[in-house]
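What the coordinates show
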Amino acid sequence: MERERDTDTSRRGPDEVVLRVEDLHKRYGREEVLKGVSFEVRRGETKVIVGPSGTGKSTLLRCITRLTEPDRGRIWLGDVEVTGRGVDLNRVRASVGFVFQDFNLFTHLTALDNVRIGLLKVKKLPKDEATEIARKQLEHVGLAHKADAYPAELSGGQQQRVAIARALAMEPKLILFDEPTSALDPELTGEVLDVMVALAKEGMTMVVVSHEIGFARAAADELIFMEGGVIVEQGPPDQLFRQPKYPRTAEFLRKITALYGETG
Amino acid sequence: MDKIELGGLVFDPAWLPKLGQGLVVTLEITGLCIALGIVLGLILAVLRVYGRGPLYWLSSLYVQFFRGTPLLVQLLMVYYGLPSWGIVLSPFVSGVIALGLNTAAYQAEYFRGAIQSIPRGQMLAARSMGMTRAQAIRYVILPQALRLVIPPWSNELILMLKYSSIVYMVTVIDLMGAARTIAARTFRYFEVFILVALIYLALVFLLSWLLRRLEERVRVPGLGMERGAPH
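Now for a quick tour of the structure.

Definitions and limits used
- Residues numbered from 1 in each chain as written.
- Chains lettered and ligands numbered in written order.
- Predicted model: local features only at pLDDT ≥ 70, side-chain atom pairs only at ≥ 80, totals over all residues.
- Heavy atoms only, no water.
- Helix = DSSP H or I, 4+ residues; strand = E, 2+ residues; numbered from the N terminus.
- Buried < 20%, exposed > 50% of the residue type's maximum accessible area, 1.4 Å probe, protein only.
- Contact = heavy atoms within 4.5 Å.
- Buried area = accessible area lost by both parts, 1.4 Å probe.
- Salt bridge = Lys/Arg side-chain N within 4 Å of Asp/Glu carboxyl O.
- Polar contact = N/O pair within 3.5 Å; in protein donor to acceptor, adjacent residues only side chain to side chain.
- Nonpolar A, V, L, I, M, F, W, Y, C, P; charged D, E, K, R; others polar.
- Arc of directions from axis to C-beta.
- Core = buried A, V, L, I, M, F, W, Y, C linked by side-chain atoms within 4.5 Å.

1. A few points about the overall build of chain B
Looking only at helices and strands, chain B features 8 helices and 2 strands. Beginning at the N terminus, the succession of helices and strands in chain B can be written as β-β-α-α-α-α-α-α-α-α. Expressed as lengths along the three principal axes of its C-alpha atoms, the size of chain B is roughly 70 × 55 × 25 Å. The burial tally for chain B puts 44% of its 231 residues in the buried class. Here the analysis covers contacts within chain B between residues at least 6 apart in sequence; of these, 72% occur between residues at least 24 apart.

2. Side note on the interface of chain A and chain B
At the interface, 23 residues of chain A touch 21 residues of chain B. Among the residues of chain A in contact with chain B, A:Phe106, A:Thr107 and A:His108 are the three that bury the most area, contributing 29% of the side total. Applying the counting criterion to the chain A and chain B interface returns 0 salt bridges. At the junction of chain A and chain B, the tally comes to 7 residue pairs in polar contact (both at pLDDT 80 or more). Secondary structure elements with two or more residues in the side of chain A that touches chain B: α3 (89-94), β6 (96-99) and α4 (111-121) of chain A. Considering only residue class, the side of chain A that touches chain B consists of 12 nonpolar, 5 polar and 6 charged.

3. As for helix α3 (residues 71-81) of chain B
Three- or four-residue spacings in an α-helix give side chains the same orientation, since the helix completes a turn every 3.6 residues. Residues and elements named next belong to chain B. Of all the residues in α3, the buried ones are Leu-71, Gln-74, Leu-75, Val-78 and Tyr-79. Buried residues in α3, looked at end-on, bunch into an arc of 120°, giving them a common side. Elements in contact with the buried residues of α3: α2 (53-68), α4 (91-116) and α6 (133-163).

4. Notes on the environment of A:Val96
Positionally, A:Val96 belongs in strand β6. We classify A:Val96 as buried; its relative accessible area is 4%. Each C-alpha atom of the pair A:Val96 and A:Leu174 lies 5.1 Å from the other, and the pair is 78 residues apart in sequence. Discounting chain neighbours no more than four positions away, the residues touching A:Val96 are A:Thr65, A:Leu77, A:Pro172, A:Leu174, A:Leu176 and B:Ser128.

5. Things to note about the nonpolar core
In this structure, A:Leu19, A:Phe39 and A:Ile164 are the most contacted members of the largest nonpolar core, which totals 128 residues. Ranked by the residues each element gives to this core, the list is headed by α6(B), at 12 residues. Sequence-distant contacts of A:Leu19, defined by excluding residues within four places in its chain, comprise A:Phe39, A:Glu40, A:Val41, A:Ile64, A:Ile75, A:Trp76, A:Leu77, A:Leu174 and A:Val207. Core analysis: the second largest hydrophobic core is formed by 12 residues, B:Met176, B:Ala179, B:Ile182 and B:Val196 among them.

What follows is the structure, given as structure tokens:
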């Protein structure tokens, strides 16, 4: 392992920690939604976060690039301390993809322009290069033929795939998914999950808040169970399903398995 | 050319050159004050939505002042008031400035409403990919807000076209000023003002048509009112 690391000047061995979150706290008014959350994500890993609603999962994701400002705690993306002083947040955000529950595609732009805009305006790539990358990423999510369609002309599943292509185009070190299939009709979740499973297999580093158990089983290296603003338990999905340490974990996983089923 | 008689009214084609000159002035004033209003209105709207501290308060105060006082008072202040501070403006420039500052306040309110109607997720998505706030406003929020604003904003432009007629109060010879001059000389008040009313009406039709064309041209599916059957 050491030797591998030595040959790679950018220290991007397979063990490289892409994201480290330490003792994260966040309070909205009186309610403390995050009460000291810590975890790490290594290069190529997919972590799936599950837990009852209102336990701060979405807040946690937004705190990672400080879209929501955490109250306390530290966050590192690679060597960069996101919570550090004088950090260039826009640069940090350009290197982390974010996929939202309700897609948030830019309404006035075609699929191609949605994927291209970050390359043009944030990365300042020349137009031809940006277009080429955008077309490639649309193809990656199987929507090359919809390049000229506006979001309103796409199904929810297609919109979310365009949103994933938009995130991928920026060549992120990490992609955060905030309940990417919760706003979709059940028959449309499959196409989005297929894309995500493929991404995980390709070695993309991902943190996914989702109750799709099928996805967790197929793609997650680790399942994180959160409740009440803390991580109750984490481990490989099989271990959490078969022998959870805490009865709360078992109970919750039973519940979502019944609700969302095993397939996905 | 001969005079035209219609139901006891007499119209003289000799009025037309003078009215034509006035019409040009009306179009110039309207065009310039609308342009001033768009630029200033957009800045005010962005400050009212995204500004903090003094920028927010100053922009709000501006809007309140210009919406809360009569346009005529504003015009007379610019033309008769400013000279006491050593600022002497021509009647034409006074008219453009007073009307432009006034419409900026109203346009700002239309722009602000449109900006605030854009779902929050749009700004969030833009910031999440590393855009600065200014970039997000410029490339994501305003292109959507400006499309949405066209119908209500059209009303303001039509109002300005008609309200521009008050500049005759500071001796600008616009369409209205020309009409008053002709009427005072010929005593054909009714005929002259019928003619002027018809010219304004035609202008309003033309402007409405142009704005509708603009709205259709920039329309994007999923933004604003869809024509035809609902989905």
